[in-house]
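What follows is each chain in one-letter form.
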Amino acid sequence: MKKINYIVINKKSILIGLILFLILACVPLIPSLATAISPKAQYTVVIDAGHGGIDGGSVGISTGVIESELNLDYALTLRDLMQEFGFDVIMTRTTSGGLYSPFATNKKKDDMQKRKELIENANTDFVISLHMNSFNGNARGAQVFYGESDEPSKTLADNIQKYFIKYLNQARKATSVGDYYVLNAVKCPSVLVECGYLSNADEEALLISEEYKKEVCYSILLGVLEYFD
Ligand SMILES: [Zn+2]
């Protein structure tokens, strides 16, 4: 159920927004952000940093960076951004560890179940799950996935992908249906963002840079703001 209380952007938020503008002066997102600063209905987003603990996910081909660590890094940046824009943010994890019980026999299954329960128990309006892709050396580009026959999630995914195409170097041309647990298991709009390919050395170098991380997170924010506009 949507909440109807509206937040008032206070002076502190405006100041922080202006500081963010200055910090990101090198990123060509400012015209869009300028229109985005307006009071928003207060929505609750669950930001899900994919993998964690014994499940590291993909590994960077050049640097050996672990996907679960990079996912967390992106998730924390996105959290800070979305909070500045008035969203209630709930994180599935804020440390390197997974959500599974140390006593679980199937830790991966327990981990996913815990994420689902967290999303269901939080009166969540939408979910953004963050991952890094891996395939072969040539594949590249950020891409947003949504569950099959899930129009609200597709709309949210398309909105985010639009800003990836606009602002990122060689984003994928379109969103795609993805058969992922986090997309299939929850009822609210949910998207899974593959920020790029750790199997591609050039893209790996981008993915581990602060600047690219900000561009990805701002593109996600802009897509979300448009979805709720
Ligand atoms: Zn992953």
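Small disclaimer: the values here were computed from a predicted structure and weren't measured.

A. Fine view of the sheet that holds strand β3 (residues 126–133). Strand order across the open sheet formed by six strands is β2-β1-β3-β6-β4-β5, with mixed pairing between neighbours. Every other strand in the sheet has two partners, leaving β2 (88–91) and β5 (176–177) as the edge strands with one partner each. Here strand β1 (residues 44–49) pairs with β2 via four bridges, running parallel. Directly across from V46, in β2, lies its bridge partner I90. Against the sheet, helix α3 (residues 67–84) touches β1, β2, β3 and β6 (190–197), its axis set at about 145 degrees to β3. Contacting β1, β2 and β3, helix α4 (residues 107–121) crosses the sheet at an angle of about 170 degrees to β1.

B. Fine view of the environment of D110. Its location among the elements puts D110 in helix α4. Among the residues examined, D110 registers a relative accessible area of 19% and is labelled buried. The contact partners of D110, leaving out residues within four places of it in the chain, are Y100, S101 and A104. One polar contact links the side chain of D110 to the main-chain amide nitrogen of S101, over a distance of 2.6 Å.

About the cut-offs
Residues numbered from 1 in each chain as written. Predicted model: local features only at pLDDT ≥ 70, side-chain atom pairs only at ≥ 80, totals over all residues. Heavy atoms only, no water. Pairing = 2+ DSSP bridges. Helix = DSSP H or I, 4+ residues; strand = E, 2+ residues; numbered from the N terminus. Contact = heavy atoms within 4.5 Å. Axes fitted to C-alpha atoms, helices over the stretch in contact; angles between N-to-C directions. Buried < 20%, exposed > 50% of the residue type's maximum accessible area, 1.4 Å probe, protein only. Polar contact = N/O pair within 3.5 Å; in protein donor to acceptor, adjacent residues only side chain to side chain.

Geometric descriptors of this kind do not, in isolation, establish any biological role.
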